[in-house]
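Residue-level listing of the chains:
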Amino acid sequence: GDAYDARALQDKWQARWAEDNPFTASEDPGDTRPRRYVVDMFAYPSGDLHMGHAEVYAIGDVIARYHFQRGENVLHPIGWDSFGLPAENAAIRNGTHPAEWTYANIETQAESFRRYGISVDWTRRLHTSDPEYYRWNQWFFTKFFERGLAYRKDGLVNWCPKDQTVLANEQVVQGRCERCGSEVVRRSLNQWYFRITDYAQRLLDDMDQLEGKWPDEILTMQRNWIGRSEGADVRFAIEGRDEPVTVFTTRPDTLYGATFFVVAADAPLAEELCTEEQREAFEAYRAQVAKLSDIERQSTEREKTGVFLGRYAVNPVNGERIPVWAADYVLADYGHGAIMAVPAHDQRDLDFALKFGLQVRPVVDTGEDDPARTGLATAGEGTLMNSGPLDGLSKAEAIPRIIEIIEERGTGAGTINYRLRDWLLSRQRFWGTPIPIVHCPACGEVPVPEDQLPVTLPDDMRGADLAPKGISPLAANEAWVNVDCPSCGGPAKRDTDTMDTFVDSSWYFLRYLSPNLATAPFSEDEVKRWGQVDQYIGGKEHATLHLMYARFFIKALHDMGMVEFTEPFARLLNQGQVINRGKAMSKSLGNGVDLGAEIDTYGVDAVRLTMLFAGPPEDDIDWADVSPGASLKFLGRAFRVMVQAGEASAPGTDPATGDKELRKATHRALAEISAAIEDHRFNVAIARMMELVTAARKAIENGPGAADPAVREAAEAIAVTLSLVAPYAAEEGWERLGHKGSVAIGNWREPDPALLVREEVTAVVQVNSKVRDKLQVPPDIDEGELERLALASEKAQGFMEGKTVRRVVVRAPKLVNIVVG
Ligand code: ANZ
Ligand code: ZN
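Residues numbered from 1 in each chain as written. Chains lettered and ligands numbered in written order. Predicted model: local features only at pLDDT ≥ 70, side-chain atom pairs only at ≥ 80, totals over all residues. Heavy atoms only, no water.

- Under an unreviewed UniProt entry, the name given to the protein chain is Leucine--tRNA ligase, and the source organism is Nocardiopsis endophytica.
- You can read under Subcellular location (unreviewed entry) in the UniProt record for the protein chain the words "Cytoplasm".
- Under the heading Catalytic activity (unreviewed entry), UniProt records this for the protein chain: "tRNA(Leu) + L-leucine + ATP = L-leucyl-tRNA(Leu) + AMP + diphosphate". (UniProt positions renumbered as here; feature names shortened; annotations may be inferred.)

## Some thoughts on the sheet that holds strand E21 (residues 437-440)
Line of reasoning, step 1. Taken in spatial order, the four strands make up an open sheet running E22-E21-E24-E23, and their pairing is antiparallel. A single partner strand is all that each edge strand has here, and the edge strands are strand E22 (444-447) and strand E23 (482-484). Shown here is a sheet whose adjacent strand axes are inclined to one another by a mean of 40°, direction ignored.
Line of reasoning, step 2. Relative to E22, E21 is paired through four bridges, and the arrangement is antiparallel. Residue pairing for E22: His-439 is matched across the bridge by Glu-445. (Pairing = 2+ DSSP bridges. Helix = DSSP H or I, 4+ residues; strand = E, 2+ residues; numbered from the N terminus. Axes fitted to C-alpha atoms, helices over the stretch in contact; angles between N-to-C directions.)

## Quick word on the site of ligand 1
Line of reasoning, step 1. Every one of the 17 residues lining ligand 1 counts as a neighbour, but Ser-229, Thr-249, Leu-331, Tyr-334 and Arg-419 are closest to it.
Line of reasoning, step 2. For ligand 1, a nitrogen atom lies 2.9 Å from a polar atom in the backbone of Leu-331.
Line of reasoning, step 3. One of the side-chain N or O atoms of Tyr-334 is found 2.5 Å from an oxygen atom in ligand 1.
Line of reasoning, step 4. Out of a free accessible area of 650 Å², ligand 1 has 87% covered by protein chains.
Line of reasoning, step 5. Among the elements of the structure, strand E11 (245-249) and strand E15 (338-341) are those that each provide at least two residues to the shell around ligand 1.
Line of reasoning, step 6. Considering only residue class, the shell around ligand 1 consists of eight nonpolar, five polar and four charged. (Near = heavy atom within 4 Å. Polar contact = N/O pair within 3.5 Å; in protein donor to acceptor, adjacent residues only side chain to side chain. Areas by Shrake-Rupley, 256 points an atom, 1.4 Å probe, with all protein chains shown as cover. Nonpolar A, V, L, I, M, F, W, Y, C, P; charged D, E, K, R; others polar.)

## Thoughts on the sheet that holds strand E27 (residues 572-574)
Line of reasoning, step 1. Spatial strand order, E2-E1-E26-E27: four strands in an open sheet with parallel pairing. One side of each edge strand has no neighbouring strand; the edge strands of this open sheet are strand E2 (73-75) and E27. Sheet twist, expressed as the average angle between the axes of neighbouring strands with direction ignored, equals 20°.
Line of reasoning, step 2. Sheet topology note: the strand E26 (residues 535-538)/E27 ladder contains three bridges and is parallel.

## Some remarks on the coordination of the zinc ion (ligand 2)
Line of reasoning, step 1. For the zinc ion (ligand 2), the protein coordination sphere consists of Cys-440 (SG), Cys-443 (SG), Cys-485 (SG) and Cys-488 (SG), at 2.2 to 2.4 Å.
Line of reasoning, step 2. In the primary sequence, the donor residues of the zinc ion (ligand 2) line up as C-x2-C-x41-C-x2-C. Pair noted here: Cys-440 is in strand E21 and Cys-485 is in the loop between E23 and strand E24 (491-494), with a separation of 45 residues, a long-range link.
Line of reasoning, step 3. Residue classification places Cys-440 among the buried residues on the basis of a relative accessible area of 7%. (Donors = N, O, S within 2.8 Å, 3.2 Å for Na, K, Ca; no water. Buried < 20%, exposed > 50% of the residue type's maximum accessible area, 1.4 Å probe, protein only.)

This is the structure we're talking about:
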């Protein structure tokens, strides 16, 4: 039939693509075509693909297909991030092994990806839960361990009471578990970490490479997360204690204004410093603090609380005794967990001082009113006072001066502090990469030697065996846990924790380059050839998680001499969310939209086109505001143009003799579509495709007719450009136009510059019906634009001075009459 039949085309072309594999990247080192590496963030296999997947993969696919069309050697792989809690929770519910749920879902998603027409290289498919993959997580771990980048320590960790596992700081969102939303509590545990803090400064500095190529928003979030602060460490002697206590301050210039000292109430130091007289009050306070969630503690609204510890600290510059308090607004795990309080210039300290009647001493004259009276700390620029040798200096002069002084006296030093914490790696769950360490009573922590990797997960555990217990379920599997020490051969035990799954996703884009390599995580030669990921596409929810971890990983691999570059992703595009009726889709709101149902109703092409036409890719798409039905109608019109042109002429027809107007429209569309795609303005590109279809229809129906060579040229341009967004309609249209093989590869057309030149016409500008200026304008200028140009004309303005514009008559493109009075 001549009508566009989405479903029939999907079946036909899926089978063809499966047979021909047109999207397989060339591995031939002699292939001189430019290489292009496009990666979509891989999928977590939780059920079938949903609307969010449909959007991100539609976007990645336009980009990949554009480069395929340009004749480049494109690598556009696919994989699954297939370890993680949902699989394990499903296994516990169903009495099964997590692998069953995981691999069944992967197959379902793989089918859906094929149906969705994504231009991927299926030969490189990977799953992170395959031992062939995760053995390399273990290999990296042992290399990091050797380099001191992986280490174990006791510490207060974030604990999710529901998932019964620890969480990295990055996985705690406003005090809640990023996955399940439970309120996170603190626990002291011995855990494995990656020393990402060693890279804090490089993570900041290398953002220079990403400026303008990653969204500003992500760079800002990463900068804030790393949280670099310049300042000083200052050591305060504590009466009755041998060791001084160090505080970190960003305002060492205010040292003379420190009137009290505060220790985090939940830090061991507070307990230690508390005197016997104050013990009871302190214990009561600490119990009260322990009950608060992190959300409450971090609230600035809440009134300040605290307790005097009965002891005094000594200011190292003036010998002044200041009282030591414990409070919850000082955090145990930032800086040194203790502060010098300068209430005149720090609002938190001022609130505290006013509540507890502590002294407020301004040391910077900012010209503002006394903070003790106004309740407002003064943080601005000013001149130092009450500060001995600093008096009269500006803040900028005083900071280096006081640092000099404390360094000379040996009571402190200038320093840089980062908010970033080390990456907490251990998880007390089953479905992840086992940490490849053996604990030996004689040898300590022994990494599993390379020839004994992978340490595979046992396959004899299912259902209730996996239930969360606060320690890893693996600990109960004696056959698995008990091993011979790889070093001394004596009886030893495996580490029973598994790795955070963000380890898996930190390097998968390197594995795609040589997915079956059995001797190394990736081929260094292939990495040299392909280089960085040219374009990465995914959600901004990963700003301080995956995107930070992957950056760290690549720097560590760079330092190990394994990769030449220092940043994984040259360019990053964050898509918005697909929402419905103004809200994120959710079961509880009942506003979910089922991708499969949309595809059944409108077809893949129309759903993809709708996603991309809705707006710029970084904006959210409200599915209630878009019209897949209209997309389907457009595809029907586009298809008909291709069919009609195909029936009326044959491939190879010279377009030179064709209708000039249509030829110009075609070449302009080609130029504008290229520019829009490169700019990631896919909606604009589609609007141009729509205009081209309209122009071609006009030429067929009211112009030179379907047999005109310009109609064929336009129809072929429609097939080629449409293939980026609606591959099924485009493939079939291309075939109907008489071509053999897929339209998708190497068919992009460069516009003919001669056909891009725009003609101009003369527009007359009148003021009160007298001609005052003449403008050269394009013949298709719209009225608003012409009116704007006329009103901006200096000559016309000379006759409008002091008068009011009453009315503007616009006859585009020839005439504008400005009526003034
Ligand atoms: C004295 C002072 C005077 C401060 C002043 C600020 C203004 P950022 O910029 O976030 O690094 N501080 C240090 N450790 C803390 C902790 N564990 N919990 C809560 N607050 C802590 O903040 C550094 C400033 O936050 C430090 O500088 C310290 O207060 C406080 F006019 O020291 B300041
Ligand atoms: Zn041993």
